[in-house]
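Working through the structure, step by step
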Amino acid sequence: MGEKQRKLLVLYASQTGNALDAAERIGREAERRGCPASIVSTDEFDPSSLPYEEAVVFVVSTTGQGDSPDSFKEFWRFLLQRNLGNSWLQRVRFAVFGLGDSGYQKYNFVAKKLDKRLLDLGATTIVEKGLGDDQHPSGYEATLDPWMLSLWSTLYQINPKYFPKGPDVMIPQDELTDQPKYRILYHKQETLEPELMAESADIIERARGMSPGKLSKDKTKPDCFLKMTKNEVLTKAGSTKDVRHFEFQFVSSSIKYEVGDVVELLPSQDSSAIDAFIKRCHLDPESFITVCPRETENNGSCGEVITHHVPIKLKTFVELTMDVTSASPRRYFFEVMSFYATAELEKERLQYFASAEGRDDLYNYNQKERKSVLEVLEDFSSVQMPFEWLVQLVPSLKPRAFSISSSPLAHPGQVHLTVSVVSWITPSYPYKRTRKGLCSSWLASLTPEQEINIPVWFHKGSLPPPPQSLPLIVVGPGTGCAPFRGFIAERAVQAQTSPIAPVMFFFGCRNKDTDFLYKDFWESHAREGGMLSEVKGGGFYTAFSRDQPKKVYVQHKIREMRKRVWDLLCDGAAVYVAGSSTKMPSDIMSALEEIVMEETGGSKEMASRWLKALEKAGRYNVEAWS
């Protein structure tokens, strides 16, 4: 290879943006050591060129139940081809870093299977795979920091040409060597075309299309808009939760959806907080801007890129793309802030927060308290960060996803949601503060009279709509009952004209009197001859965990009904599980495993294989959210 400059390829697969953050950090650290790095999403990289790379770092996240991000699916399918052979990647060195949550059964599943497959294809590991854990007090960075140091020193041992500046570098504390990745162009108002006052869908598409937070291939234009027609509290006085039933109708155009689908809503941020952010950062809310990537060797000049971006008002851009009121900034935000702090004490504290030694203290100050960008900027009042950096580093405003709780057959032209309004108290004494979930609390504050148009996107969830001939065993404690309200309502309509298979439904909550969501709906279908009646081969079973001294959960009820559950499984039933607890899905799996063992007389391994086969056949579906 002679004197050729070595380079590093960082391939990432991100669902929410965390793996992209980690990949960018790995790229930055490599470049600080003098090694050029390309950071590319797996859906924008041609996998057939992988054998020609000499050093590749993969950063991949695992979502809830062991699923891979959408951007990884095609790349993974390519790697699974049988004809690739075990020497296909023999010249490639690689390292895998995974982002996962050890609260789930299939912890970092995607990183583990990728690591194994790359070895099978003949590639060589640079360092042992790193597994970042969301459950750790400092998040995935607790593993990423030491893992990167090991990666740099090993690469340097393999070939010092990787790092002309050596494997250990100190960041100069007085000058910022990094450049922001985006440029902002300001436009004179009088030169703008009148059609800029476009309809809201185009404005949202325009703003979010320019936003750095856009994950590749995200759809920026909303599918349509919804208008709220009902906001009803489902929980009763005395409940520890505030769960709402929302009903919406389509505004102008409607979208076809199926039961089990998911809808994403783009929430509105508090306008006084947006004004405070704009004022704190000395920005002009009325100026018109375009945001584009800086000039690089492969994307031409900003002027060329701008041709498909129409200018947008700065305040609108902030409102639609930058989460200034609810998401906590990343560690890199504090590092860049330190260069723009003019007060010495603030500068020192920010430098400490950005260092490895200060990581846990930063976690206690920032993530644990769920500090917003606006609060952080107010705490460090001497910092004046250029807007380019803010656009790059303020977390992007993300749509929030909810399981749809209606059926298009039973509720034509409507979309129903079952939403728990999120609020919690921050841990720090004496400053304990109430925090609220941005989207759920915004929805709870709306009334039908306001006639607010809400931008939405529809998606397939992980619960496929079941054919009416398929018997079902469904488990939906708390708001996990949402999709099954749609399932049952749909089957009730279908039952009027044709025979349908039975449904067993297990519901759970804390207290019968205060938390029994949709009580009348379930009970009416459980009556004689109803969708959930035992006469029809189904059943409705409830677990109220706090209504007796010993806690009773849905898995206990499943064990109680073991005989009927087994009979329905033997009749070809599919299992559907939904809910918001990290442990619940694996507790249900264990209960079913016990039933299979008991009924067949087989071993635990055999029962586990039996359920895995059910999963493979599409007859075991889980949708869990944290």
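Bear in mind that the values here come from a model prediction, so they are computed numbers and not experimental data. Within each chain, residues carry numbers counting from 1 in the order of the written sequence. Residues qualify for local features only when their pLDDT is at least 70, as the model is predicted, and side-chain atom pairs are given and counted only at 80 or more; totals for whole chains, interfaces and linings, by contrast, use all residues. The basis for every side-chain value is the complete set of non-hydrogen atoms in the structure, without hydrogens or water.

With that settled, the discussion passes to the sheet that holds strand E21 (residues 574-579). Whenever strands of a sheet pair, they do so through backbone hydrogen bonds, lying parallel or antiparallel. Here, any two strands with at least 2 DSSP bridges between them count as paired. Only runs of H or I of at least four residues qualify as helices and only runs of E of at least two qualify as strands under DSSP, and these elements are numbered from the N terminus. Reading across from one edge, E20-E19-E18-E21-E22 is the order of the five strands in this open sheet, with parallel pairing throughout. Strand pairing shows two members of the sheet lacking a second neighbour, strand E20 (539-544) and strand E22 (620-624), which therefore form its edges. Pairwise comparison of adjacent strand axes, ignoring direction, gives a mean angle of 10° for this sheet. Taken together, the four bridges between strand E18 (residues 472-475) and E21 define a ladder with parallel strand orientation. Residue pairing for E21: Ile473 is matched across the bridge by Val575. For helices, the axis comes from a line fit to the C-alpha atoms of the stretch in contact; other axes are also lines fit to C-alpha atoms, and the angle between any two N-to-C directions lies between 0 and 180 degrees.

Turning our attention to the environment of Ala30. Along the chain, Ala30 falls in helix H1 (residues 18-32). Along the chain, Ala30 and Phe248 lie 218 residues apart, while their C-alpha atoms are 49 Å from each other. Between two residues, a contact is recorded if the distance between any of their heavy atoms is within 4.5 Å. When sequence neighbours within four positions are dropped, the list of residues in contact with Ala30 reads Leu8, Cys35, Ala37, Trp152 and Phe163.

With that out of the way, let us pick up the domain arrangement of the chain. With domains assigned, the chain is organised as domain 1 (8-171) and domain 2 (472-624). For the domain bounds, the source is a domain assignment made automatically or taken from a database. Using only C-alpha atoms to locate each centre, domain 1 and domain 2 end up separated by 39 Å. With five residues of domain 1 in contact, the opposing surface of domain 2 contributes seven residues. A 1.4 Å probe defines the accessible area here, and the buried area is the portion of it lost by two parts on being joined, summed over both. Regarding the contact of domain 1 and domain 2, the summed buried area is about 530 Å², with carbon and sulfur atoms giving 53% of it. By the criterion of area lost to domain 2, the three top residues of domain 1 are Gln65, Tyr104 and Gln105, representing 69% of everything that side buries. A pair is scored as a salt bridge if a Lys or Arg side-chain nitrogen falls within 4 Å of a carboxyl oxygen belonging to Asp or Glu. Our count for the domain 1 to domain 2 interface comes out at one salt bridge. Salt-bridge contacts for Lys106 lead to Glu615; the nearest nitrogen and oxygen are separated by 3.4 Å. N or O atoms closer than or at 3.5 Å make up a polar contact, with two conditions inside protein: a donor-capable atom paired with an acceptor-capable one, and, for residues adjacent in sequence, both atoms drawn from side chains. Taken together, the connections running from domain 1 to domain 2 amount to one residue pair in polar contact (both at pLDDT 80 or more). Each residue is assigned to one of three groups, with Ala, Val, Leu, Ile, Met, Phe, Trp, Tyr, Cys and Pro labelled nonpolar, Asp, Glu, Lys and Arg labelled charged, and all others, Gly among them, labelled polar. Looking at side-chain class alone, the side of domain 1 that touches domain 2 contains one nonpolar, three polar and one charged residues.

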